[in-house]
Amino acid sequence: IHGIVVDESPMRNGSTVSMLKWPLQSLRNLLLTFPILLVSIVLWNEYLVYYAKIGLTCRWPEGMEEDPLSVFMVSDTHLLGRYRGHWIDKLKREWQMHRSYQTARQLLQPEVAFFLGDLFDEGQWSNNFLLAEYADRFDELFSSRSTRTIVLPGNHDLGFHYAMHPETVAWFRRRYGRGLVDVVNIGRRPFVMITSMALHGDGCKLCSEAEGRVKMVKRSRECRESSNSSSPLCRSSLASAEWPEQPLPAVILQHFPLYRKDESECVDVPESDPERHTKYRDQWEAISLPSTEQLIEAIRPIAVFNGHAHRPCTKRWNRSGGSLIRPFTESTVNSFSWRNGANPTLLLVTMSRENGSVEPLVSVCHLPNEHICIALYALIALIYLGYLSIYVRRKVVERRYSAIKMR
């Protein structure tokens, strides 16, 4: 069979019997150890690999003063809802994100974790009941007593500009205390949190509210920087925007990137990347140029962090609207979920608590690669099937030998 020639002479002296027995004995041993091997691979792929990958490769950036503010920047978790994706896919993605985040949090111990939008995948199509269900699931996966968690919405949470509904915006405000434009102070560092979908500048109700808030934030910043902060206008602005006393330069957090034509200015996107020159559409892949200039002029940030693209990008800004500005770095965070790519990441950011001239330092934490995990499972399956094939073929040869011997 399959070119195997059975010679009777060696069978009579028992050498072929021995030849047949050794692979069968090895197979029996494999069958006994296979469950142990399978459990070991599952334990590695679904638990231990997160400690190995994050523990060995992820480090806070060096060079900051002692006791800096330590921050996680996470984006695009896209928790699946009731309608999109198979339940196995949902289970797999949620477990990957839960283990990645909780392992990173346990090993690296950040003070704050910012989630930069698209928490859910189906929020824009959901009623309040489903939104609450998805939010409860999000809290189960990412909540922590030791790390402060702060979120802002993305287009999959509220919808793009044309699909944003005031009721959904109101629900997000009630659940997370997050309006269209907010200031969150951590020590003396203000973080200005922007709802990108409300920056279309078309005069709609939500856009008008967002633009009014940006102007209020600008006045608050100017009042703190001036010597006339006790004026009635300043008192009103500071009360509304809650800008800290003796503030450090602000950080902008939003879901959409600032205006960009493509990724050709991203220093971490190689020239060989085929998507490097793919055009970005205004107000779909990035906010418009006028909105970008408005934010930069109003807030004068020392750093900007965002997501949405599902790809990393680090861009250096030196000019806005043709004018020189204080240089800052915009960091677009890669998606945190395997659903949006096999190599998810989060950003580790350290910031000075006292020195306003020191820009935040950023390092990338690469999470376990989905393709490698799948390859390990495939390798075990191939080994098992290979030995099973040997077993079947040897059984056929053994039976033929027995039939010949009985003649």
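Above this text is the structure in question.
All values reported here derive from a predicted model rather than from experimental measurement.

Participant: Would you take a moment to explain the layout of surface pockets for this structure?
Facilitator: If a probe the size of a water molecule is rolled over the atoms, the empty space left behind becomes visible. If you add up the space inside the largest pocket, you get close to 260 Å³. If you go around the largest pocket, you meet 19 residues; those closest to its centre are Thr314, Ser331, Leu347, Val362 and Val364. Looking at the lining of the largest pocket, the elements with two or more residues in it are strand 7 (303–306), strand 8 (313–320), strand 9 (323–332), strand 10 (345–351) and strand 11 (361–366). For the lining of the largest pocket, the per-class residue count stands at 9 nonpolar, 8 polar and 2 charged.

Participant: Just to check I follow, could you spell out the state of the cysteines for this structure?
Facilitator: A complete count under the given rule lists 2 disulfides for this structure. Two residues share a disulfide in this structure: Cys58 and Cys365, whose sulfurs sit 2.0 Å from each other. Its torsion about the S-S bond being 80°, the disulfide of Cys58 and Cys365 is classed as right-handed. Of this pair, Cys58 sits in the loop between helix 2 (15–57) and strand 1 (69–74) while Cys365 sits in strand 11; the two residues are 307 residues apart in sequence, bridging distant segments of the chain. The residues Cys58 and Cys365 share a single accessibility class, namely buried. Sulfur-sulfur distance for the disulfide between Cys266 and Cys313 comes to 1.9 Å. Taking the sign of the S-S torsion, -85° for the link of Cys266 and Cys313, the bridge is left-handed. Here Cys313 lies in strand 8 and Cys266 lies in the loop between strand 6 (251–254) and helix 9 (289–299), a separation of 47 residues in the sequence.

Participant: Explain the side chain of Gln254 to me, please; I cannot follow it from the model alone.
Facilitator: Position of Gln254 relative to the elements: it lies in strand 6. Those residues in contact with Gln254 that sit more than four places away from it in its chain are Leu116, Leu152, Ile194, Ser196, Leu199, Ile287, Leu295, Phe305, Asn306 and Gly307.

Participant: Is there a simple way to think about the pairing of strand 7 in this case?
Facilitator: Sheet faces and side chains relate simply in a regular strand, where the side chains alternate between the two faces. Of the two faces of strand 7, the one lined by Ala303 and Phe305 and the one lined by Val304 and Asn306 are each fully buried. Judged from the 3 bridges that link them, strand 6 and strand 7 form a sheet pairing that is parallel. Considered in strand 7, the bridge of Ile252 is made with Val304. Handedness of the crossover joining strand 6 and strand 7 through helix 9: right-handed. Here 4 bridges tie strand 7 to strand 9, and the two strands are oriented parallel to one another. Paired with Val304 across the two strands is Glu330, which belongs to strand 9.

Participant: Help me understand the sheet that holds strand 11 in this model?
Facilitator: Consider a sheet: its strands pair through backbone hydrogen bonds, and that pairing is either parallel or antiparallel. Strand order in the open sheet formed by 5 strands is 3-2-1-10-11, and the pairing between neighbours is mixed. Looking at the sheet topology across the chains shown, the edges are occupied by strand 3 (148–152) and strand 11. Geometrically, the sheet is characterised by an average inter-axis angle of 25° between neighbouring strands, direction not taken into account. Strand direction decides the pairing type here: strand 1 and strand 2 (residues 112–116), joined by 4 bridges, are parallel. In the strand pairing of strand 2, Val74 is matched with Phe115.

Participant: It is not clear to me how unusual backbone geometry should be interpreted in this structure. Could you clarify?
Facilitator: For residues that are not glycine, phi is negative in most cases, and the peptide bond is trans in most cases. Its identity is not glycine, yet His78 carries a phi of approximately 50°, on the positive side. Note on placement: His78 falls in the loop between strand 1 and helix 3 (87–108). Looking at His78, the relative accessible area reads 4%, which means it is buried. Even without glycine at this site, Arg300 takes up a positive phi of about 50°. You can see Arg300 is positioned in the loop between helix 9 and strand 7. Using a relative accessible area of 46% as the deciding quantity, one classes Arg300 as partly exposed.

Participant: Before we go on, may I ask you to explain helix 6 (residues 166–176) in this structure?
Facilitator: Since the α-helix packs 3.6 residues into each turn, any two residues three or four apart lie on the same face. Among the residues of helix 6, those classed as buried are Thr168, Val169, Trp171, Phe172 and Tyr176. On an axial view of helix 6, the arc spanned by its buried residues comes to 160°, and they lie on one face. Contacts made by the buried residues of helix 6 are with helix 4 (128–142), strand 3, helix 5 (155–158) and helix 7 (205–225). Gly177 sits one or two positions beyond helix 6 and adopts a positive phi of about 65°.

Participant: Just to check I follow, could you spell out the pattern of salt bridges for this structure?
Facilitator: Pairing is possible between side chains of opposite charge, provided their charged atoms come close. Overall, the coordinates contain 29 salt bridges when judged by the stated rule. Where Arg311 meets Glu263, a salt bridge forms, and the shortest distance between an N and an O atom there is 2.7 Å. Taken together, the positions of Arg311 in the loop between strand 7 and strand 8 and Glu263 in the loop between strand 6 and helix 9 put the pair 48 residues apart, joining distant regions of the chain. The pair Arg311 / Glu263 is uniform in exposure class, with both members buried. Residue Glu265 pairs with Lys315 through a salt bridge whose shortest N-O separation is 3.5 Å.

Parameters at a glance
Residues numbered from 1 in each chain as written. Predicted model: local features only at pLDDT ≥ 70, side-chain atom pairs only at ≥ 80, totals over all residues. Heavy atoms only, no water. 1 Å grid on protein atoms, 1.4 Å probe; cavity = no way out; pocket = protein on both sides within 12 Å on 5 of 7 lines; lining within 4 Å. Points joined across faces, edges and corners; volume = space filled by probe spheres on them. Helix = DSSP H or I, 4+ residues; strand = E, 2+ residues; numbered from the N terminus. Nonpolar A, V, L, I, M, F, W, Y, C, P; charged D, E, K, R; others polar. Disulfide = S-S within 2.5 Å. Buried < 20%, exposed > 50% of the residue type's maximum accessible area, 1.4 Å probe, protein only. Contact = heavy atoms within 4.5 Å. Pairing = 2+ DSSP bridges. Right-handed = clockwise from strand over helix to strand, strands pointing away. Axes fitted to C-alpha atoms, helices over the stretch in contact; angles between N-to-C directions. Arc of directions from axis to C-beta. Salt bridge = Lys/Arg side-chain N within 4 Å of Asp/Glu carboxyl O.

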